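Take a look at the letters that make up each chain.
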Amino acid sequence: MDAPSHPYYPPTASIPSYAANDSSVLRILVTFGAMVGIVTGLAYWQTTQSPLRLRPLDKFAVVWFALWYYLYNRADIPRLQTIFAQLWKEYALSDSRYLTLDVFTVCIEFITVLAWGPLSWLTYFAILTDSPYRHVNQAVVCTAHLYGVALYYGTNRGDFDASGISYSRPEFRYYWVYYVGLNAPWAVIPFVFLYDSYRQTAGAFRALKARESMRKTQ
């Protein structure tokens, strides 16, 4: 039996168990948006309950680190109709590697779930508790995000330059909105937090050295 057809690029990609979404794009995005809104809303509410004097950037960091990646039944996503599976199938129109079990994508997402997801949660709680480990955690996970998004874009571009293979449909929504737009925050926001950790850590060491110098002169 021939494999069912699919709308992904390249057209020759093998997705034998693919089943088209049974929900509209609007319904998928609204449902997912509501779920994200609940998570981020609760995270922000916790910042308002904290006895700490959190900066606006700290509050935003709490919300950001409350969001992390999920990896669930990857091999079955093409045929599932859960909200997350349908969301992945919609996003995969901009990058079919998420449905073809591409080695790079599977590995990077596995590491994300195994390491960077939990570390994001640790950073989340470290900010709320004013933990001295906050900026160490933040610097590590932000560096990982920047490295991951560089590899994500780089491997895609490298395959296109080497073999002409495109994993994204050419329509504006799929390439510019999904592929470029939805991934851009992972290149910009981690850089902002990494710079903040750099400044805060450098400031702490300057203060420590100043205190030691004063003690020596007394």
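Predicted model, so just to flag it, every value in this text is computed and none were measured. (Residues numbered from 1 in each chain as written. Predicted model: local features only at pLDDT ≥ 70, side-chain atom pairs only at ≥ 80, totals over all residues. Heavy atoms only, no water.)

### With respect to the pattern of salt bridges
For the coordinates displayed, the defined rule picks out 7 salt bridges. Across the pair Arg 134 and Asp 58 runs a salt bridge whose closest N-O atoms are separated by 3.0 Å. Of this pair, Arg 134 sits in helix H5 (residues 134-163) while Asp 58 sits in helix H2 (residues 56-66), and the two are 76 residues apart along the sequence. Across the pair, exposure class does not vary: Arg 134 and Asp 58 are buried alike. Arg 169 is the salt-bridge partner of Glu 171, the closest N and O atoms lying 2.8 Å from each other. Each member of the salt-bridge network shares a partner with another, and the members are Arg 55, Asp 58, Arg 134 and Asp 196. (Salt bridge = Lys/Arg side-chain N within 4 Å of Asp/Glu carboxyl O. Helix = DSSP H or I, 4+ residues; strand = E, 2+ residues; numbered from the N terminus. Buried < 20%, exposed > 50% of the residue type's maximum accessible area, 1.4 Å probe, protein only.)

### Brief notes about helix H4 (residues 103-128)
With 26 residues, H4 ought to run about 38 Å at 1.5 Å a step, and its terminal C-alpha atoms sit 37 Å apart, in line with that. In H4, a bend of some 40 degrees at Thr 112 exceeds every other bend along the element. Put simply, Asp 102 is the residue that caps the front of H4, since its side-chain oxygen is 3.2 Å from the backbone nitrogen of Phe 104. Asp 130 occupies a position one or two residues after H4 and carries a positive phi of about 55 degrees. (Expected span 1.5 Å × (residues − 1). Bend = angle between axes of the 7 residues up to and from the residue. Polar contact = N/O pair within 3.5 Å; in protein donor to acceptor, adjacent residues only side chain to side chain.)

### Observations regarding unusual backbone geometry
For the bond from Tyr 9 to Pro 10, the omega torsion is -5 degrees, close enough to zero to count as cis. Tracing the sequence through the fold places Pro 10 in the segment before helix H1 (25-49). The residue Asp 130 is not glycine, and still its phi comes out positive at about 55 degrees. With respect to the secondary-structure elements, Asp 130 resides in the loop between H4 and H5. What makes Asp 130 exposed here is its relative accessible area of 56%.

### A look at the UniProt feature "transmembrane region" (unreviewed entry) in the protein chain
The UniProt record marks residues 25-45, 103-127 and 175-195 with the feature "transmembrane region" (unreviewed entry), using the residue numbering of this structure. This span, residues 103-127, is 100% helix and 0% strand, and a straight line between its end C-alpha atoms measures 34 Å. With 86% helix and 0% strand, the stretch residues 175-195 has end C-alpha atoms that lie 29 Å from each other. (UniProt positions renumbered as here; feature names shortened; annotations may be inferred.)

### Quick notes on the packing of H2 against H5
Closest axis-to-axis distance for the H2/H5 pair is 13 Å, and the angle between their directions is 55 degrees. The pairing of H2 with H5 is recorded here as oblique in orientation. Between H2 and H5 lies a crossing of left-handed hand. Together, Asp 58, Ala 61, Trp 64 and Phe 65 of H2 and Arg 134, Gln 138, Val 141, Cys 142 and His 145 of H5 make up the contact between the two elements. Looking at the contact of H2 with H5, its residues break down into 5 nonpolar, 2 polar and 2 charged. (Axes fitted to C-alpha atoms, helices over the stretch in contact; angles between N-to-C directions. Parallel < 35°, antiparallel > 145°, perpendicular 65-115°, else oblique. Left-handed = near helix turned anticlockwise from the far one by under 90°. Contact = heavy atoms within 4.5 Å. Nonpolar A, V, L, I, M, F, W, Y, C, P; charged D, E, K, R; others polar.)

### So, the packing of aromatic side chains
With the rule as written, the count across this model stands at 18 aromatic pairs. Relative to Tyr 18, the ring of Tyr 8 has its centre 5.5 Å away and its plane inclined at 90 degrees; by these criteria the two rings are edge-to-face. In this pair, Tyr 8 is assigned in the segment before H1 and Tyr 18 in the segment before H1, connecting sequence segments 10 residues apart. One exposure class covers both Tyr 8 and Tyr 18, and it is buried. When the centroid spacing of 4.4 Å and the interplanar angle of 50 degrees are considered together, the rings of Trp 64 and Trp 186 count as tilted. In this pair, Trp 64 is assigned in helix H2 and Trp 186 in helix H7 (residues 185-217), connecting sequence segments 122 residues apart. (Phe/Tyr/Trp six-rings, centres within 6.5 Å; stacked < 30°, edge-to-face > 60°.)

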